[in-house]
Amino acid sequence: MKRSKYLLNAVLLILGAIVSAQAQQVTAVRAGKMFDPKSGANLPNQVVLIIGDKITDVGPADRVKIPAGAKVIDLSAATVLPGLIDGHVHLTDGQGNLQHQMMIALNTSTRSLNAGYTTLVAMGSHGGGYADVELKKAIESGLVQGPRLITAGPIINVTMPGSASYPLDFAPHEPDITANGPNAMRAAVRELAHYGVDHVKIHTTGPFYFDKDGKMFNQPLPTKDELAAVEDEAHKRGMWVATHTYGGDGLKYAIEVGIDNIQHATAATDDDIKQFVQNRMPITTTILDHRQDEPGDLKQWAPYSRYRLVEVTWKKMLAAGVILGWGSGSAPPPGRVYNTDCNCSHGVQGEMFPIFVKWGASPAFTLRMATTINAEIIHKQDTLGTIEKGKFADIIAVAGDPLTDITEMQRVKFVMKGGAVVRNDLAGGMMASSK
């Protein structure tokens, strides 16, 4: 009698599991072309099956059968790609209170999500405190819709050179965490970890100028020992470190310490580039911010500017085989405006793709930068970067073929993040049920 009861319970559990599995809604995406970053080619006539926020199967339509009752998204006239990863953004403007910062962050991140950037790597809140962390919590809880956020909170800085005013209440406002000495640097990293950031951002170079021969000089900020303390403490807390670094000793310290993710490297020397390759150090070079700042640079140092220098440096890094990440430097206006029509930078960062192609990269290479390469840089290659079984269903689509016209990446028409459709402007892309 007892054995029969156990058998009955086992059968009921099995039946319950079957019913539960059958009740899970399957979404099927028909892809006329699907960009595969691993091969660098478009795969024809693919089907992607999704349950919840994950991809359960993907492959040619003659192998991957769409189950009855599945919700079908027809993108058979489009090119489907993995969701893009912008490896360098700022979400807040440092003006006003936390509520204001949260609204600014939601606005900027939504603009980028609608443009196909399903993952954003925040590179410092610029006075917005931990608004990026709070927004991430709101997105993950389902309170608001937004991209995946890799958060940094405030930037760590040594006491910065400048001409700051000192207020009457003797409590100067510091948008970043100011720390001097290795022990203070460790304490700053612990504070960031305490408030739940994903990684640490620190400046290793500050004020700069060009001499009459066009050589760029960059003032180093933290010492090598201070930088090493940040890296060591961050790794102990399960975080990685990114640096704002243009060149000079600040860049050499970052190389010697083995910083996880160097941003910019605008004035990297030939020897620096050799070290990048030998040490397999990824470099994420923002260029649209340099383009925006060029008029100001030329007023001081014409004919030299960061934008003109970074083109030369980036071409050298590409030829040398440096691991090159994709980051826009997008931030709220008025700080960053890449497109005057929208008065914005978030949502229009796709302007970088054709610039990189003009500088000698293949379209496939630029797409890898914003997908598989960035996924590896931020240690998310197991869940992001490609359209594969077991990964998040972060999928975008364009009407044309970016391998023949990279400007298509400025006209993303379909966005899905974690299996949920964010945007669908493609004709014939309406959802229907499979009979």
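Each remark here, short or long, concerns the structure printed above.
This text gives an overview of the structure that appears in the document. Fair warning: this is a prediction, and the values are worked out from it, not measured in the lab. (Residues numbered from 1 in each chain as written. Predicted model: local features only at pLDDT ≥ 70, side-chain atom pairs only at ≥ 80, totals over all residues. Heavy atoms only, no water.)

**Quick word on unusual backbone geometry**
The criterion, for reference: Where helices and strands are cited, they refer to DSSP runs of H or I of at least four residues and of E of at least two residues respectively, numbered from the N terminus.
For the peptide bond that leads from Ala302 to Pro303, omega is 10°, which places it in the cis range. For Pro303, the position within the fold is in the loop between α8 (288-301) and α9 (306-320). With omega at 5°, the peptide bond leading from Pro333 into Pro334 counts as cis. Its identity as a non-glycine residue notwithstanding, Asn45 has a phi of 50°, on the positive side. Structurally, the position occupied by Asn45 is in strand β2 (residues 41-51).

**Some details on the environment of Gly124**
Put simply, the test is: Contacts are assigned to residue pairs that have any heavy atoms within 4.5 Å of one another.
Structurally, Gly124 can be placed in the loop between β6 (117-122) and α3 (131-140). For Gly124 and Pro175, which are 51 residues apart along the polypeptide, the C-alpha to C-alpha distance reads 9.9 Å. Setting aside anything within four residues of it in sequence, one finds Gly124 in contact with His90, Ala152, Gly153 and Ile155.

**Structural notes on the environment of Leu426**
Topologically, Leu426 is positioned in the loop between β19 (420-424) and β20 (431-433). As a C-alpha pair, Leu426 and Ala397 span 29 residues in sequence and 8.6 Å in three-dimensional space. Excluding residues that lie within four positions of it along the chain, Leu426 makes contacts with Leu75, Ala78, Ala397, Ala399, Lys413 and Phe414.

**Here's the deal with the pattern of salt bridges**
What counts is decided by this rule: Salt-bridge detection follows one rule: a side-chain nitrogen of Lys or Arg within 4 Å of a carboxyl oxygen of Asp or Glu. To sort residues, take the accessible area from a 1.4 Å probe on protein chains only and compare it with the maximum for the residue type: under 20% means buried, over 50% means exposed, and anything in between is partly exposed.
The final tally for this structure, using the stated rule, is 25 salt bridges. For the salt bridge of Glu388 with Lys38, the shortest nitrogen-to-oxygen distance reads 3.0 Å. One end of the pair, Glu388, is in the loop between α11 (363-377) and β17 (395-398); the other, Lys38, is in the loop between β1 (26-36) and β2, with 350 residues separating them in the sequence. Residue classification places Lys38 among the exposed residues on the basis of a relative accessible area of 58%. In this structure, the salt-bridge partner of Asp232 is Lys236, at a minimum N-O distance of 3.3 Å. With Asp232 and Lys236 both in helix α5 (residues 224-236), this residue pair falls four residues apart, about one helical turn. Overall, the relative accessible area of 32% leaves Asp232 in the partly exposed class. Bridged by salt links that share partners, the residues Arg186, Arg190, Asp232, Glu233, Lys236 and Arg237 form one connected network.

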